[in-house]
Every structure is written in structure tokens, then in C-alpha cells.
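Survey of secondary and tertiary structure
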Amino acid sequence: MREANALRDDVTALRAQMDEDGYLLFRNAIDPHKLTVLREQITTILAGIGWILGDEQQLDARAAGLPQREGEEGYFEAHDKIVKLEAFHALAHDEKLMHIIRQSLGEDVFAHPLSIVRLVFPNNPEITTPPHQDYPNNQGSEKLTAAWIPLHDCPIEMGALAILKGSHKNGLLPLQFHMGPGNRCAVIPQTMHELEWVSTDFQVGDVLLFPALTVHSALENKDPERMRLSVDYRYQLEGEALTENSLKPHFSRLSWEEIYRDWQSTDLQYYWYKKRFDVIPWQNLHELPDDHVKDAMKQCIRYENKRQQRYAENRLHHHEDKAV
């Protein structure tokens, strides 16, 4: 991946590079301590419900339970607690982060209140985030830009994000079913096969920006034990369009009143009421043909069988290691 740090104070050059590549990578853009504080809060939740080992191993996020798939009932046991964390939402407004986003997009940029946490189990390849564009999930403005931020050092082998360089210039792509987050992946046409996939080893504090039409995916988390923890936020310029879902908590399971209940500050509560934007209707861009639905059901059944088998094998190996 091409780094953008040298262009931080050159607005014209930054935006030209974003237009050319479809992404901007900033190294050491956020104070690592802030990310460690948030990671500690998230891993405390995960350890408390038995997803990871606790005590001195907690920050390493070593998986201890059956892998959970985003959107399943078991997944929300963790998600609903994490989405209440003040530090989780406050990170989207970090001063250093907002500076590079203003440089990259414009002075009147603001963060969507929708904030997303990714909890990626090891040894669970079928639900690795597939190639996709953010636009079908967010809609509104095609200039909408995501910031992907790992909460720890994230080498390629641990499931770093990958970008299809220049893919944002090819418009909105058709979709098909996938087991990963969002349950859809982009169908990449033959005309785009010459484009280059790029990734890198990320360090805590790095930030990756990319617009809503850039095709991106996660690489498989091949770490034998540790979960990959990351967050992503969405930004757009005032005056542009968005959909109502962008103003709601992720998955819309909790109200903002429930989320704000234990916060120490009111500064970031309902801040978007003071912003200018046009709310436009949501379009159903995710509908699948009947034959795709049948195939999706088969994939789900196969995945569940593999997940249970791998979990049983991991437990057996763990008990054998302890016996030795």
C-alpha cells in the first residue's frame, strides 16, 4: 500500500492520490494509547461473556469459545455491550483523526453516528469479510468515506484489510450471497481483473481511508488463537445525502437513549442535529434471485457443520496439550 503521511499538509496532493488509488493510508495517525484503552474495554466485555481468555491474556484477545457470526443471536451478547461504550463512539471524533479526514475530504466533514466494531475469530475462514463496496450498505453520497482502524498491530496474516486499487472508478457492482458480514459480496467483472489488490502490515495507530465505491475485503485471520479487533467509521461532507440508517446505532437494536445512559459527557450526544444533510429514501440493493436464496441456505448449513467440527477439534487439542 502507498502511504500518505508525506502529503498530510498538501490538500491537493492528498485528494489527487485518493482519486487515483481509491484509498489513503496514514501511519501513526492516532495516539496508540487511546486505541489500547478502547481495546481493554472491549476485551473486558469479551472475557466477561467467555469469548476470550481473561486475566493477563485478556488484551491479546485469545479466543476461548465457539466462533460467533455477525448477526447471530450469540453475537449480540457482545455487540450490544460494546456499542454502549463512550470511548467507542468518541474515537470517531478524535482530533488527529478529524484533521487528516478534513485534509482528505473537506473542512465541513462530519462523522456518521453509526459506528461499527468488527470482532473476527481465528480459524473461521467462511465468514471472512468478502470483496464488497460500502455504498449498498450505507447509500446516500458516493463520496461517503470509511475510516478502518485496527485496535492492535494487525499483520496481513491476522486478517488485515485489502483494497482493490482503482476499483472506485468502476461504478456500483452487482451482488451475490456470502457468509461474511452483510451477507453479500461484490461480483467483480472480467474488465476489473487487471486491477491490483494491495494490503500491508498495520500497526496500532494506523488509519485506512477509502470511499464508498472502493472494493475492499478482509484477509483471513490465520492467527491460531487471537481475534482481530477493529472499528470503522463513516464520514461525509455537510450538505450531501444520507439515509436514515446512517443516523441509527449499528443493527438498530438499541436506542440512542439506552446507549447514552452511562456516558460521562453529553458533548457528542445527538451532535448530528447541528449538521446539514439531505435524508433520502433507502433502496433495496441486496435482493437475491430465488436460486441464490436456496444456495445461501445450503452455505449456512455447511458453515454451521464446519464451525462445530473445528470447535470440537480445538477443544480436543487443548485438552491433549494440558494433559501433556
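A few points on the structure. (Residues numbered from 1 in each chain as written. Predicted model: local features only at pLDDT ≥ 70, side-chain atom pairs only at ≥ 80, totals over all residues. Heavy atoms only, no water.)

This part takes up the environment of G54. Counting through the fold element by element, G54 comes out in the loop between α2 (32-48) and α3 (73-82). For the pair formed by G54 and T44, sequence separation is ten residues and the distance between their alpha carbons is 7.7 Å. (Helix = DSSP H or I, 4+ residues; strand = E, 2+ residues; numbered from the N terminus.)

Let's shift gears to the sheet that holds strand β10 (residues 228-237). Read from one edge of the open sheet, five strands run β1-β8-β3-β10-β2, paired in antiparallel fashion. Pairing within the sheet leaves two strands with one partner each, and these edge strands are β1 (24-26) and β2 (109-120). Across this sheet, the average inter-strand angle for adjacent strands is 20°, counted without regard to direction. The pairing of strand β3 (residues 145-150) with strand β8 (residues 207-211) spans four bridges and is antiparallel. Residue pairing in the sheet places A147 in a bridge with L209 of β8. Here helix α5 (residues 95-105) sits on the sheet and contacts β1, β2, β3, β8 and β10; the angle it forms with β10, its principal contact strand, is near 45°. (Pairing = 2+ DSSP bridges. Axes fitted to C-alpha atoms, helices over the stretch in contact; angles between N-to-C directions. Contact = heavy atoms within 4.5 Å.)

Core analysis: the largest hydrophobic core is formed by 55 residues, its most contacted members being L46, L119 and Y235. In this view, L119 contacts I42, L46, W51, Y75, A78, I82, M227, R228 and L229; residues no more than four positions away in its chain are not counted. With 14 residues, the next largest nonpolar core counts C154, A160, V198 and A218 among its residues. (Core = buried A, V, L, I, M, F, W, Y, C linked by side-chain atoms within 4.5 Å. Buried < 20%, exposed > 50% of the residue type's maximum accessible area, 1.4 Å probe, protein only.)

This brings us to unusual backbone geometry. With a phi close to 55°, N123 is a non-glycine residue in the positive phi region. Following the sequence through the fold, N123 ends up in the loop between β2 and α6 (135-138). The backbone phi angle of Y270 is positive, close to 55°, even though this residue is not glycine. Structurally, Y270 can be placed in the loop between α7 (256-260) and β12 (278-279).

This part covers the sheet that holds strand β9 (residues 216-218). The strand order across the open sheet built from three strands is β7-β4-β9, with neighbouring strands paired in antiparallel fashion. Unpaired on one side and paired on the other, β7 (197-198) and β9 mark the two borders of the sheet. Looking at chain direction, strand β4 (residues 161-164) and β7 are connected through two bridges and run antiparallel. From the neighbouring strand, L164 faces β7, where its bridge partner is W197.

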